[in-house]
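# Secondary and tertiary structure notes
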Amino acid sequence: MTESLSEHVQRGLYFEECEVGARYLHRPGRTASEADNVLFSSLTMNTQALHLDAAFAATQPFGQRLMNSMWTLATMVGASVSQITQGTLVAQLGLSDIAFPHPLFAGDTLYVETEILATRPSGSRPGQGIVTMRHTGRNQHGEVVATATRVALMWCRDAVERAADAAEDGGR
């Protein structure tokens with residue numbers, strides 16, 4: 001006899017599930033490659049020689065090319081999606097307090113964690129809430145390479161459930 005198994009859709013957190021002080025360690029890490037750096041820099045039209053010109057970068061204080069800091073920022077946000085915002089994000093409202101205290105190089109592995117800093121129901125959008133979080137990126141040695149505060153508009157669970165029920169009722 002075949003037993004019916006329940007289905008589970010991977011999703012992030014609803015507004016109510018975002019607990020102030022909770023920390024999420026996003027794994028696996030992401031090892032940065034030279035190809036990542038060149039492709040990202042080229043796609044974004046960032047011709048900074050510190051990212052693209054090995055001979056020039058060798059003469060600069062870090063002695064080698066630096067990973068494009070916008071790649072680092074985008075990868076930190078991306079690493080958080082599956083645990084925090086997948087399917088539960090309405091919109092990203094802003095990024096602030098962005099810092100890159102230590103360089104990231106090709107060959108380094110970026111590990112990301114996110115801490116929930118604050119939550120509040122939206123005053124203008126019923127069924128949604130505002131979540132403030134801090135992303136921190138560290139290299140394989142534990143050195144902080146980037147930080148950013150992110151504000152996101154998130155769905156409340158009951159609003160999504162009501163919408164699903166209404167869609168189901170409308171289909172009958």
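Described in the following lines is the structure provided in the data block. What you see as residue numbers is a count from 1 along each chain, following the sequence as written. Local features in this predicted model are restricted to residues of pLDDT 70 or higher, and side-chain atom pairs are both shown and tallied only at a pLDDT of 80 or more, whereas totals for entire chains, interfaces and linings draw on every residue. Calculation of side-chain values draws on the structure's entire complement of heavy atoms; hydrogens and water are dropped beforehand.

### Overview of the packing of aromatic side chains
Selection criterion: Each aromatic pair joins two rings of Phe, Tyr and Trp (for Trp, the six-membered one) with centres within 6.5 Å, and gets the label stacked for planes under 30 degrees apart, edge-to-face for over 60, and tilted for any other angle. The numbering of helices and of strands both runs from the N terminus, where a helix is a DSSP run of H or I of at least 4 residues and a strand a run of E of at least 2. Relative accessibility decides the category of a residue: with a 1.4 Å probe and only protein chains considered, values under 20% of the type maximum give buried, values over 50% give exposed, and everything between is partly exposed.
Enumeration according to the criterion identifies 1 aromatic pair in this entry. Ring centres 6.4 Å apart and planes at 65 degrees place the aromatic pair F62 and F105 in the edge-to-face group. With F62 in the loop between α3 (54-58) and α4 (69-85) and F105 in the loop between β2 (89-99) and β3 (109-121), this pair connects stretches of sequence that are 43 residues apart. Given a relative accessible area of 48%, F62 falls into the partly exposed group. Given a relative accessible area of 13%, F105 falls into the buried group.

### Observations concerning a nonpolar patch on the surface
Spelled out, the test is: Each patch is built from salt-bridge-free residues with over 30% relative accessible area, joining like charges within 9 Å and nonpolar side chains (Val, Leu, Ile, Met, Phe, Trp, Tyr) within 5 Å. Areas reported as accessible are Shrake-Rupley estimates using a 1.4 Å probe. Residue values count occlusion only from the protein chains shown. Any carboxyl oxygen of Asp or Glu within 4 Å of a side-chain nitrogen of Lys or Arg constitutes a salt bridge here.
On the surface, M70, L95, I98 and F100 cluster together to form a nonpolar patch covering roughly 310 Å² of accessible area. By the secondary structure assignment, F100 is in the loop between β2 and β3.

### Thoughts on the pattern of salt bridges
With the rule as written, the count across this model stands at 9 salt bridges. One salt bridge connects E17 with R11, and the closest N-O pair in it is separated by 2.8 Å. Under the relative-accessibility criterion, E17 is labelled partly exposed at 26%. What emerges from the salt-bridge pattern is a single network uniting R11, E17, R157 and E161.

### Thoughts on the sheet that holds strand β5 (residues 144-155)
Which entries qualify depends on this criterion: Being paired, for any two strands, means DSSP has found at least two bridges between them. Simply put, an axis is a line fit to the C-alpha atoms, just over the touching stretch for a helix, and the angle between two N-to-C directions goes from 0 to 180 degrees. Note on definitions: a residue-residue contact is assigned when non-hydrogen atoms from the two residues lie within 4.5 Å.
Reading across from one edge, β1-β3-β4-β5-β2 is the order of the 5 strands in this open sheet, with antiparallel pairing throughout. Edge positions in the sheet fall to β1 (23-31) and β2, since each has one partner strand and no second. Between one strand and the next, the sheet's axes are offset by a mean angle of 25 degrees, whatever the strand orientation. Docked against the sheet, α4 engages β1, β2, β3, β4 (128-138) and β5, running at close to 45 degrees with respect to β5.

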